[in-house]
Amino acid sequence: MKERRQSGASEAPYGKMAPQQRPPSRPRRRRERNAGGILAGMFMGLRGAIFCAGFSVLSVSLIVWAFFWPHDAAGKIRAISPLPVPKVLDLAQFQGKHKESLFWGTYRPHLYFGIRSRTPKSLLAGLMWLGVKDGRHVLRHVCEDSDNLSQFGWLRHDGSTYGRQEIVLSTYFLKSWDQESGYGGDWSVRIKVESASKVITESRDASSIFFYVVNEDGGAVNILGKDSLSKGQVPFATGHDVEYGNWELHLKKKTEAQVNFAGIHTSFMHNLTQLVWRKLEIQGRSTGRLQLSDDSQKLANMAIFQVAFV
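The paragraphs below set out a description of the structure included in this document. (Residues numbered from 1 in each chain as written. Predicted model: local features only at pLDDT ≥ 70, side-chain atom pairs only at ≥ 80, totals over all residues. Heavy atoms only, no water.)

### Topic: the sheet that holds strand S6 (residues 162-166)
The four strands are arranged S5-S6-S7-S8 in an open sheet whose pairing can be described as antiparallel. Either end of the sheet is taken by a strand with one partner, and the two such strands are strand S5 (154-157) and strand S8 (186-192). Each strand of the sheet is rotated relative to its neighbour by a mean of 10°, with strand direction disregarded. Across five bridges, S6 lies against strand S7 (residues 170-176) in antiparallel orientation. The residue of S7 that forms the bridge with Gly163 is Phe173. (Pairing = 2+ DSSP bridges. Helix = DSSP H or I, 4+ residues; strand = E, 2+ residues; numbered from the N terminus. Axes fitted to C-alpha atoms, helices over the stretch in contact; angles between N-to-C directions.)

### Comments concerning the packing of aromatic side chains
Scanning the entire structure with this criterion turns up 11 aromatic pairs. A ring pair is formed by Tyr112 and Trp129, whose centres lie 5.2 Å apart and whose planes are at 50°; its orientation type is tilted. Of the two residues, Tyr112 sits in the loop between strand S1 (104-105) and strand S2 (114-117) while Trp129 sits in strand S3 (residues 123-133), which places them 17 residues apart along the sequence. By relative accessible area, Tyr112 is classed as buried at 3%. Relative to Phe152, the ring of Tyr112 has its centre 5.2 Å away and its plane inclined at 90°; by these criteria the two rings are edge-to-face. With Tyr112 in the loop between S1 and S2 and Phe152 in the loop between strand S4 (136-140) and S5, this pair connects stretches of sequence that are 40 residues apart. (Phe/Tyr/Trp six-rings, centres within 6.5 Å; stacked < 30°, edge-to-face > 60°. Buried < 20%, exposed > 50% of the residue type's maximum accessible area, 1.4 Å probe, protein only.)

### Points about the layout of surface pockets
Of the voids in this model, the largest pocket is the one considered here, and its volume is about 1,700 Å³. Contributing to the lining of the largest pocket are 43 residues, with Trp187, Ser188, Val189, His250 and Leu251 lying nearest its centre. For the lining of the largest pocket, the elements supplying multiple residues, two or more each, are S7, S8, strand S9 (207-215), strand S12 (245-249) and strand S15 (302-309). Take the lining of the largest pocket: its biggest share by element is seven residues, from S8. Its residues assigned to classes, the lining of the largest pocket shows 23 nonpolar, 11 polar and nine charged. Approximately 190 Å³ is the volume attributed to the second largest pocket. Considering the residues around the second largest pocket, the lining is formed by Leu89, Asp90, Phe94, Gln95, His98, Lys99, Leu102, Phe103, Arg118 and Tyr183. When grouped by side-chain class, the residues that make up the lining of the second largest pocket number five nonpolar, two polar and three charged. (1 Å grid on protein atoms, 1.4 Å probe; cavity = no way out; pocket = protein on both sides within 12 Å on 5 of 7 lines; lining within 4 Å. Points joined across faces, edges and corners; volume = space filled by probe spheres on them. Nonpolar A, V, L, I, M, F, W, Y, C, P; charged D, E, K, R; others polar.)

### Side note on the nonpolar core
Of all hydrophobic cores here, the largest spans 32 residues; its most connected members are Trp129, Phe236 and Phe305. Elements with a contribution of two residues or more to this core: S3, S9, strand S10 (221-223), S12, strand S13 (258-264) and S15. Core analysis: the next-biggest nonpolar cluster, separate from the first, contains 19 residues, Leu139, Phe210, Leu272 and Met302 among them. (Core = buried A, V, L, I, M, F, W, Y, C linked by side-chain atoms within 4.5 Å.)

Without other data, these values stay purely geometric and don't point to any function.
Structure representation (structure tokens):
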């Protein structure tokens, strides 16, 4: 017996879905994706346009800045416009006696003790002493952490005329003026050694300190020799400088000590320690002691003396 089909009803063939059961068609999704891509492209294009516009404005700003920024007399861009007022150092209160009082000073901060004037090329003075490091002799001159000193530095200093510091020895700096003083006055240095074992140990040399003057502009330094020690006011060394004229270095000792000296010619100021050490080594090979040779090189612009406490 056959069943009767209802009118208007159709039966889908085997393996096919009825039209009302099919999923939504895909073209709509493609259209949505295409619309999103268009919007993203428009956004990227807008961002690129904004970046290009910003870059153009920045370029124009830099060009305008470079064109209108103040230039110096040579035509170079001046990064900082100076204040149109007198410099502090040119004011009246910083001239005269005040300026002269600062002419000489301990203006060599890289050394344990050093003196110079406030000029581009100066007469330099400094202190060295013989020490021991890792079982070998060394010259203390430039401040180094590897020296492992218990202390160094100024305990008192007024920035102008007086200073006192303690290292393994005591150093004093003092300035004074009298009728015969030149510009900047006279300066004196006192070196006090209380214990030789602090300065140098494990050595038969007991203790040696060195004090030197060197003309930075290469001018000659005349050494009169250690015989000047026994002649009162006779200087140990003399010289001349274009800034402050003739100068004299006097040496006085208050205890019995052996004094040696050397005159050295040098065009460089950065290796003074090595120059002095080389002189000591050469003399040490012939005498067996680290001492200066009591002679002077031709056109010497550095005078150094050694005081050894035996």
